Amino acid sequence: MSSAGEPSRGEAPVVIDGSRGEGGGQILRTALTLSLLTGRAFRMTKIRANRDKPGLRPQHLKAVEAAALLGGEASGAEVGSRELVFRPRPYEPRDLKLDIGTAGSAALVLQTLHLPLAMRAETAVRVVITGGTFNPKAPAFPFLEETWRAHLSRLGLSVALAMPAAGFYPRGGGRLEAWIEPGRPAARALPDRGRLRRIRGVAGVCNLGEGIAARMRDRALQQLEDSGLNSDIEIDAVRWPGPGQGAAVAIWAEHEDAAPATFVGLGERGKPAEAVADEAVEDLLGFEAVEPAAVDPHSADQVLLPLALAEGPSSYSVSVVTEHLRTNAATVRLFLDREIAIDEPDDPGLPARVTIR
């Protein structure tokens, strides 16, 4: 099959069962990224078939529309559609401005476009996306800023980010800005992380009382101090501008020889501020319990794609193997001639190993 940079537009379309594995929008986003880079068309059936609202949702549709705007054509691209055909065309990276129109994740649309833009651009490209910047089951802005950017930088890819406005469900209206530098991912071995250097974080609100941010901050600090982690800990209470209301806690753990790992607790109506903080802290402590792991479970599937597009073998350790990781590996194999092995230990206290050859 084609490798990135070697379009093969005469090959038969890749056929993808969108209900397999994790069965969500990730399959579609990875397929769009690889279709643009390899020149291979694809047909996806049973899109999100097992979800409460099956078929394409607005944020998935916006990713399809953005990919088509960049270089391709799609049939079946409408909300609720359970089948889609995408045919890529040669494209020239350029600045893009996109509005999801809902609180759908701006981060997931950006991640769909990032590699096709970076790997083909000759100069920096600016992308502006309006939508949600804090979403359940999607990367929040602090994760993008602290963890995603750091992983990309370690692989030789440079991205600058800004969030002039935060977007929360149901209002949306957040603004995510990205400046994407030209580059190609480099193969890497990420076997282990070093010692914990410090823990930082923010407890933030948008159009809510400052007392909520203070409660989230104080709870997170107390929980982390009680955990016995031997580290400097600093969490700030902040206010984010934005059109709607929302609250979130983001905590990142900084280790030697590893990108920071970010863990987010997201507020919702009726959810106590303390529960938001507990959510982020519990996630962080779960990662810290698997001491050698170099990559957190939220990053594992996102690191896989650029490494699969790099020349040469790569490997990394991850604290937990998620269905997102397995599904992304299966989708990558459909487009690229790469062997991807995920070796899981019997002991849950040990990391899994991902190898790309």
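Our structure's up above, just so we're on the same page.
Below, the structure is looked at part by part. (Residues numbered from 1 in each chain as written. Predicted model: local features only at pLDDT ≥ 70, side-chain atom pairs only at ≥ 80, totals over all residues. Heavy atoms only, no water.)

Turning our eyes to something else, we now look at the sheet that holds strand β16 (residues 352-356). Within a beta sheet, neighbouring strands are joined by backbone hydrogen bonds and run either parallel or antiparallel to one another. The four strands are arranged β9-β14-β16-β15 in an open sheet whose pairing can be described as mixed. Looking at strand neighbours, the two that pair on one side only are β9 (189-190) and β15 (340-343), the edges of this open sheet. Strand direction decides the pairing type here: β15 and β16, joined by four bridges, are antiparallel. If you follow I342 over to β16, its bridge partner there is V354. Along the sheet, helix α8 (residues 323-335) makes contact with β14 (314-318), β15 and β16, crossing β15 at roughly 160°. (Pairing = 2+ DSSP bridges. Helix = DSSP H or I, 4+ residues; strand = E, 2+ residues; numbered from the N terminus. Contact = heavy atoms within 4.5 Å. Axes fitted to C-alpha atoms, helices over the stretch in contact; angles between N-to-C directions.)

A word on the nonpolar core. The biggest cluster of nonpolar side chains holds 85 residues, and the ones touching the most others in it are F42, L110, F134, L161 and Y316. Looking at this core element by element, the count peaks at eight residues for helix α3 (residues 106-118). Every residue in contact with L161, bar those within four places of it in the chain, is listed here: L110, F141, L144, E145, W148, R149, L176, E177, A178 and W179. Residues L196, A253, F287 and A293 belong to the second largest nonpolar core, which totals 24 residues. (Core = buried A, V, L, I, M, F, W, Y, C linked by side-chain atoms within 4.5 Å. Buried < 20%, exposed > 50% of the residue type's maximum accessible area, 1.4 Å probe, protein only.)

Take the sheet that holds strand β12 (residues 246-255) next. Across the sheet, four strands lie side by side as β11-β10-β12-β13; this open sheet has mixed pairing. Looking at which strands have only one partner, the edges of the open sheet turn out to be β11 (232-239) and β13 (261-266). Averaged over all neighbouring strand pairs, the angle between strand axes comes to 15°, with direction disregarded. Note that strand β10 (residues 196-206) and β12 share ten bridges and pair antiparallel. Within β12, the position partnered with C206 by the bridge is G246. Helix α4 (residues 141-154) rests against β10, β12 and β13 of the sheet, and its axis sits at about 175° to β13. Relative to β13, helix α6 (residues 273-288) is tilted by about 150°, and along the sheet it contacts β10, β12 and β13.

Turning next to the packing of aromatic side chains. Following the criterion strictly, the structure yields six aromatic pairs and no others. Geometrically, the ring pair formed by F134 and W240 is tilted, given 4.7 Å between the ring centres and 35° between the ring planes. One end of the pair, F134, is in the loop between β6 (125-131) and α4; the other, W240, is in the loop between β11 and β12, and 106 residues separate them in sequence. This pair shows no difference in class: F134 is buried, exactly as W240 is. Grouping aromatic residues by their ring pairs yields a cluster made of F42, F86 and F335. Sitting above the plane of the F287 ring, R193 keeps its charged end 4.2 Å from the centroid. (Phe/Tyr/Trp six-rings, centres within 6.5 Å; stacked < 30°, edge-to-face > 60°. Lys NZ or Arg CZ within 6 Å of the ring centre and 35° of its normal.)

With that out of the way, let us pick up the environment of S81. By secondary structure assignment, the location of S81 is in the loop between β3 (72-75) and β4 (84-88). You can call S81 buried: its relative accessible area is 11%. Through-space distance from the C-alpha of S81 to that of G228 is 50 Å; in sequence the pair is 147 residues apart. Residues in contact with S81, not counting those within four places in the same chain, are I47, G55, L56 and G76. Among the polar contacts listed, one links the side chain of S81 to the backbone oxygen of E83, at a separation of 2.8 Å. (Polar contact = N/O pair within 3.5 Å; in protein donor to acceptor, adjacent residues only side chain to side chain.)

Bringing the side chain of R193 into the picture now. Mapped onto the elements of the fold, R193 is located in the loop between β9 and β10. At 3.5 Å, the side chain of R193 forms a polar contact with the backbone oxygen of E288. Ignoring sequence-local partners within four residues, the contact set of R193 consists of H255, E256, D257, A258, F287, E288, V290, E291, P292, A293 and A294.

Moving on: the packing of α3 against α4. Direction vectors running N to C along α3 and α4 enclose 10°, while the axes themselves pass 13 Å from each other. In terms of orientation, α3 lies roughly parallel with respect to α4. Crossing handedness for the pair α3 and α4: right-handed. On the side of α3, the interface is formed by A107, L110, Q111 and H114, while α4 contributes L144, W148 and L152. Looking at the contact of α3 with α4, its residues break down into five nonpolar, two polar and no charged. (Parallel < 35°, antiparallel > 145°, perpendicular 65-115°, else oblique. Left-handed = near helix turned anticlockwise from the far one by under 90°. Nonpolar A, V, L, I, M, F, W, Y, C, P; charged D, E, K, R; others polar.)

Now for the pairing of β12. For β12, the tally of buried residues reaches ten of ten residues, placing the bulk of the element in the interior. Judged by which residues are buried, β12 turns out to be covered on both faces: G246, A248, A250, W252 and E254 on one side and A247, V249, I251, A253 and H255 on the other are all buried. By the bridge criterion, six bridges tie β12 to β13 in an arrangement that is antiparallel. Bridge pairing in β13 places W252 opposite T262.

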